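Architecture and fold: a report
The residues making up each chain are set out below.
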Amino acid sequence: MEFKELLMKAKQGDKEAREELFLMYRPLLISRSWVKGSFSEDLYQELSKTFVSCMDGFLIDRTKKEPE
């Protein structure tokens, strides 16, 4: 499934689409959750919440449209 379609489904409340998007970005969230050589669970949780919030707030209509 393409990213845009996945995001549209996630914004409509599709739990599987939301989970798939989260799993796509999970390695990035984990990589950014290290502070001075230690993994910070608190930071990971905050980044995860922020990611989900951004997913909900992303405006699909403003994305670049494909040529027809």
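Residues numbered from 1 in each chain as written. Predicted model: local features only at pLDDT ≥ 70, side-chain atom pairs only at ≥ 80, totals over all residues. Heavy atoms only, no water.

1. Some points on the packing of aromatic side chains
For the structure shown, the criterion picks out 5 aromatic pairs. Judged by centre distance (6.5 Å) and plane angle (70 degrees), the rings of F3 and Y25 are edge-to-face. Here the residue F3 occupies a position in helix α1 (residues 3–11), and Y25 occupies one in helix α2 (residues 15–31), the gap between them amounting to 22 residues. Classification of F3 by relative accessible area gives partly exposed; the value is 39%. Each ring, one from Y25 and one from F51, has its centre 5.3 Å from the other, and the planes form 35 degrees; the classification is tilted. Taken together, the positions of Y25 in helix α2 and F51 in helix α3 (residues 41–57) put the pair 26 residues apart, joining distant regions of the chain. Of the residues examined, F51 reaches a relative accessible area of 17% and is grouped as buried. Members of the aromatic cluster, joined through ring pairs, are F3, F22, Y25 and F51. (Phe/Tyr/Trp six-rings, centres within 6.5 Å; stacked < 30°, edge-to-face > 60°. Helix = DSSP H or I, 4+ residues; strand = E, 2+ residues; numbered from the N terminus. Buried < 20%, exposed > 50% of the residue type's maximum accessible area, 1.4 Å probe, protein only.)

2. Here we look at a negative patch on the surface
Taken together, the side chains of D14, E16, E19 and E20 make up a negatively charged region of the molecular surface. Along the chain, D14 turns up in the loop between α1 and α2. (Patch = residues over 30% accessible without salt bridge, like charges linked within 9 Å, V, L, I, M, F, W, Y side chains within 5 Å. Areas by Shrake-Rupley, 256 points an atom, 1.4 Å probe, with all protein chains shown as cover. Salt bridge = Lys/Arg side-chain N within 4 Å of Asp/Glu carboxyl O. Lys, Arg positive; Asp, Glu negative; His and termini not counted. Charge placed at Lys NZ, Arg CZ, Asp CG, Glu CD.)

3. Quick look at the pattern of salt bridges
Following the criterion strictly, the structure yields 2 salt bridges and no others. Across the pair E46 and K49 runs a salt bridge, and its minimum N-O distance is 3.2 Å. One end of the pair is E46 and the other is K49, both in helix α3 and 3 residues apart, which spans about a single turn. Judged by relative accessible area, K49 falls into the exposed class, the value being 54%.

4. Some remarks on the nonpolar core
By size, the foremost hydrophobic cluster in this structure holds 11 residues: L6, L7, A10, A17, L21, F22, L29, Y44, F51, M55 and I60. Contributing elements (two or more residues each) for this core: α1, α2 and α3. Counting residues per element, this core draws most heavily on α2, at 4 residues. When residues no more than four places from it in sequence are discounted, the contact partners of I60 are K4, L7, M8 and K11. (Core = buried A, V, L, I, M, F, W, Y, C linked by side-chain atoms within 4.5 Å. Contact = heavy atoms within 4.5 Å.)

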